[in-house]
Structure formats: structure tokens, C-alpha cells
Amino acid sequence: GSIISKATLHNEEYVMTKDIRKGDIVEIIKAGDVIPRVESVLYERREGIEEPFIMTHTCPICNSELIKKESNYYCVNDNCDAKQIEKLIHYASRDAMNIEGLGDSIVEDFYNMGYLKSIDGFYNLKQYKNELMLLEGFGTKSIENLLNSIESSKNNSLEKLLFGLGIRHVGAKGAKVLAKNFKNIAALMN
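Residues numbered from 1 in each chain as written. Predicted model: local features only at pLDDT ≥ 70, side-chain atom pairs only at ≥ 80, totals over all residues. Heavy atoms only, no water.

Caption draft 1: Structural view of the pattern of salt bridges. Throughout the structure, instances matching the rule amount to nine salt bridges. A salt bridge links Arg21 to Asp19; its shortest N-O distance comes to 3.1 Å. Classification of Arg21 by relative accessible area gives partly exposed; the value is 29%. When its relative accessible area of 29% is taken as the criterion, Asp19 is described as partly exposed. Between Asp78 and Lys83 there is a salt bridge, with the nearest N and O atoms lying 3.5 Å from each other. The exposure class of Asp78 is exposed, given its relative accessible area of 52%. Note on Lys83: relative accessible area 25%, which makes it partly exposed. Linked through salt bridges whose partners overlap, the residues forming this network are Asp19, Arg21, Asp24 and Arg46. (Salt bridge = Lys/Arg side-chain N within 4 Å of Asp/Glu carboxyl O. Buried < 20%, exposed > 50% of the residue type's maximum accessible area, 1.4 Å probe, protein only.)

Below, the structure written as C-alpha cells:
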């Protein structure tokens, strides 16, 4: 009942187990009635020109080496633009600091324009207020709302901050436990 235009194949083992190749015709299902998933290959439709999948060993953004941990690949370059953008998107997300008006594409645009390069950059955006209001799709009201939301995020709980920082293996639950046990950032730092 719907048109599927994309389905990710981010798990190398899944691709290898199913013998999914470039150029294959595949059957797609909606896992959990929402997320498109490649269910199977229609092997009988192969023409012999399909290429076996080979995982890249370099980051497509910065060309740095990728390392495999568990079943995921990671770029080793801490300064990779894609990694920096994803950290900023996570920090601003609803489950973290909940900065309204900063969707994924806006964070990426602000990063690429040089207005937002690190987490502290959120709290320095106000110095670019006039420039931001000149951008297409932004005006006085939307920038004021965005800056107010950023300012309000300073009042979020310690658990939201800890989760927003994107510390490896510290998810929402771990952040809640840490915040409960340490009460404030100074106690945690000590």
C-alpha cells in the first residue's frame, strides 16, 4: 500500500548471509509495519552481472580508515565532518537537550556554514543572529524561537546533558543512573 524508495543494508553480516549483491532484485517487507527491510533476494532473476558486496574500509566523507567493533564500522577520525554533525544532531535531539527548531538538516547547514562546529557553538549562535535571519526560511520570529529554545536547554536535567554528550555506552538509562548518583556535573567530574 505504499512506495518504498530506500531500505538500508548497514549490517555486513546480514548482507553476506543473504548473499545480497549489487544489481540484485530483492523482496522488501516493512519490519514492524514501518521500517523497510530487504527480506530476500530473488535469485531466479539474477542475470550473472550482479557484483558481490564488499564493505568499504574508508570513510566516505573524510577517507579515514574504518575499524570494525562488534558488527559496526566506525571512522577513526574524531574530526570527521560527518561524525561532528551527528554529535550535534544528537545533542539537539528531543531525547537529549530538546532544542526545538534545530532539525537534522538545519544543524548540518549551520555546521557547513561555520556557525555551529561544536556543542558550545549552540550557546554562541546568538552572536550570529543577524546573519541567521538573512538565511532562506528564517526570519526574526523563527530565530528568536530557536535562540530561546537554546537558552531554555540550559535548564535541562543533568541526565539530559549526559545523554546529549553522546558518551559511548552511556545511553538514556545510563545517564539517568549517573545523574541520580552524582546529582551535579561537579560531583560527576570529581
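Caption draft 2: Seen up close, the packing of aromatic side chains. According to the stated counting rule, one finds five aromatic pairs in the structure shown. Residues Phe110 and Phe138 carry aromatic rings whose centres are separated by 5.7 Å and whose planes lie at 40 degrees to one another, so their mutual orientation is tilted. Here Phe110, found in helix α3 (residues 104-113), pairs with Phe138, found in the loop between α5 (129-133) and α6 (140-153); they are 28 residues apart in sequence, far enough to count as distant. Assessed through its relative accessible area of 1%, Phe110 is described here as buried. (Phe/Tyr/Trp six-rings, centres within 6.5 Å; stacked < 30°, edge-to-face > 60°. Helix = DSSP H or I, 4+ residues; strand = E, 2+ residues; numbered from the N terminus.)

Caption draft 3: Layout of the packing of helix α2 (residues 81-92) against α3. Taken N-terminus to C-terminus, the directions of α2 and α3 make an angle of 130 degrees; their axes are 9 Å apart at the nearest point. Between α2 and α3, the interaxial angle falls into the category oblique. Note on packing geometry: the crossing formed by α2 with α3 is right-handed. Packed against α2, whose contacting residues are Asp81, Gln84, Ile85, Leu88 and Ile89, the element α3 presents Asp104, Val107, Glu108, Tyr111 and Asn112 at the interface. Along the lines of polarity and charge, the residues of the contact of α2 with α3 split into five nonpolar, two polar and three charged. (Axes fitted to C-alpha atoms, helices over the stretch in contact; angles between N-to-C directions. Parallel < 35°, antiparallel > 145°, perpendicular 65-115°, else oblique. Left-handed = near helix turned anticlockwise from the far one by under 90°. Contact = heavy atoms within 4.5 Å. Nonpolar A, V, L, I, M, F, W, Y, C, P; charged D, E, K, R; others polar.)

Caption draft 4: Main features of the environment of Glu13. By the element assignment, Glu13 lies in helix α1 (residues 12-17). A relative accessible area of 34% places Glu13 in the partly exposed class. Residues Glu13 and Leu135, spaced 122 residues apart in sequence, show a C-alpha to C-alpha distance of 44 Å. Residues within four places of Glu13 in sequence aside, it is in contact with Lys68 and Ser71.

Caption draft 5: Region of interest: the pairing of strand β2 (residues 26-31). Pairing geometry for β2 and strand β3 (residues 35-41), over six bridges, is antiparallel. The partner of Ile28 across the bridge, within β3, is Val38. Hairpin remark: β2 followed by β3, antiparallel, with three residues in the connecting loop; positive phi at Gly32, about 65 degrees. (Pairing = 2+ DSSP bridges.)

Caption draft 6: Main features of a negative patch on the surface. Together, Glu86, Asp104, Glu108 and Asp109 make up a negatively charged patch on the protein surface. Ranked by residues supplied to the negative patch, first place goes to α3 with three residues. With respect to the element layout, Glu108 can be found in helix α3. Taking relative accessible area as the criterion, Glu108 reaches 37% and is therefore assigned partly exposed. (Patch = residues over 30% accessible without salt bridge, like charges linked within 9 Å, V, L, I, M, F, W, Y side chains within 5 Å. Areas by Shrake-Rupley, 256 points an atom, 1.4 Å probe, with all protein chains shown as cover. Lys, Arg positive; Asp, Glu negative; His and termini not counted. Charge placed at Lys NZ, Arg CZ, Asp CG, Glu CD.)

In short, geometric facts, not functional conclusions.
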